[in-house]
Amino acid sequence: NEFEKPILGGILLANKEQVFRRDILEFINKELIQYSNIKLITLGFRSTNNHKIVIICNQITLANLLIKHLNKSKIYVSSGYKLLRNFTDCPNAESLALRIIEIPLENDMQKNEYIVNQLKEYLKE
């Protein structure tokens, strides 16, 4: 429809031009790649434009403790997914869902550096 062109064109242009998200995620990945007990899974392809930092921890207990640490540091974090099982047992999906942590991606390098520093501080312990 013709009325959608300006709206959709603006969204596509914004996604193409707002590369700060990719740059920030690459910075975060470079800072955290040395830690084997977590993995940044947001990075994706060069053309993606993610709005959050998604981390998977190697253990559920680490995820829970890291969430507590981030909350104490005044960093908003969400975790866990309600799985649509349809009467199917999904132990692998359940174990993954409890290990995933999401943090909103900020367009503010100081905030992102603070988030990275808080993650590194906890992971060094």
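Below: a short report on this structure. For clarity, every value in this text was computed on a predicted model and none was experimentally measured. (Residues numbered from 1 in each chain as written. Predicted model: local features only at pLDDT ≥ 70, side-chain atom pairs only at ≥ 80, totals over all residues. Heavy atoms only, no water.)

**Thoughts on the overall build of the protein chain**
In plain terms, the rule: We count a stretch as a helix when DSSP gives it H or I for four or more residues in a row; a strand needs E for two or more, and each element gets its number in order from the N terminus. Note on exposure labels: buried denotes an accessible area under 20% of the residue type's maximum, exposed denotes more than 50%, and partly exposed covers the range between, all computed with a 1.4 Å probe on protein chains only. Contacts are residue-level and defined by heavy atoms, with any inter-residue pair within 4.5 Å sufficient.
What the protein chain contains, in helices and strands, is five helices and four strands. Listing the helices and strands of the protein chain from first to last along the sequence gives α-α-β-β-α-β-α-β-α. Each of the 125 residues in the protein chain was classed as buried or not, and the buried ones make up 32%. Partitioning the intrachain contacts of the protein chain with sequence separation of at least 6 by distance along the chain shows that 64% fall at a separation of at least 24.

**Overview of the side chain of H69**
One can find H69 in helix α3 (residues 60-72). What makes H69 buried here is its relative accessible area of 13%.

**Examining helix α2 (residues 20-32)**
Basically, it comes down to this: Every helix has an expected span of 1.5 Å times one less than the residues it contains. To be clear, the arc concerns the directions from the helix axis to the C-beta atoms.
In this model α2 runs 18 Å from its N-terminal to its C-terminal C-alpha over 13 residues, within 8% of the 18 Å that 1.5 Å per residue would give. Within the sequence span of α2, burial applies to R21, R22, I24, L25, I28, N29 and L32. When α2 is viewed along its axis, its buried side chains cluster within an angular range of 165° and face the same direction.

**Quick look at the nonpolar core**
Put simply, the rule is: Throughout, nonpolar core names a set of buried Ala, Val, Leu, Ile, Met, Phe, Trp, Tyr and Cys residues whose side chains join them through atoms within 4.5 Å.
Core analysis: the largest hydrophobic core is formed by 25 residues, its most contacted members being I28, I38, I53, I101 and I103. Only α2, β1 (38-40), β2 (52-57), α3, β4 (100-104) and α5 (109-124) provide two or more residues apiece to this core.

**Focus: unusual backbone geometry**
The phi dihedral of K74 is positive, around 65°, even though this residue is not glycine. Positionally, K74 belongs in the loop between α3 and β3 (78-79). Among the residues examined, K74 registers a relative accessible area of 75% and is labelled exposed.

**A look at the pairing of β4**
Worth spelling out the cut-off: Think of it this way: DSSP has to see at least two bridges between two strands before they count as a pair.
Counting buried positions along β4 gives four out of five residues, so the element sits mostly inside the fold. Judged from the five bridges that link them, β2 and β4 form a sheet pairing that is antiparallel. From the neighbouring strand, I55 faces β4, where its bridge partner is I101. As paired strands, β3 and β4 are joined by two bridges and run antiparallel to one another. In the sheet register, S79 faces β4, and the bridge partner there is I101.

**Side note on α5**
Counted at 1.5 Å a residue, the expected span for α5 with its 16 residues is 22 Å, and the 22 Å between its end C-alpha atoms agrees. Those residues of α5 that fall on the buried side of the exposure criterion are N112, I115, V116, Q118, L119, K120, Y122 and L123. Against α2, β1, β2, α3 and β4 lie the buried residues of α5.

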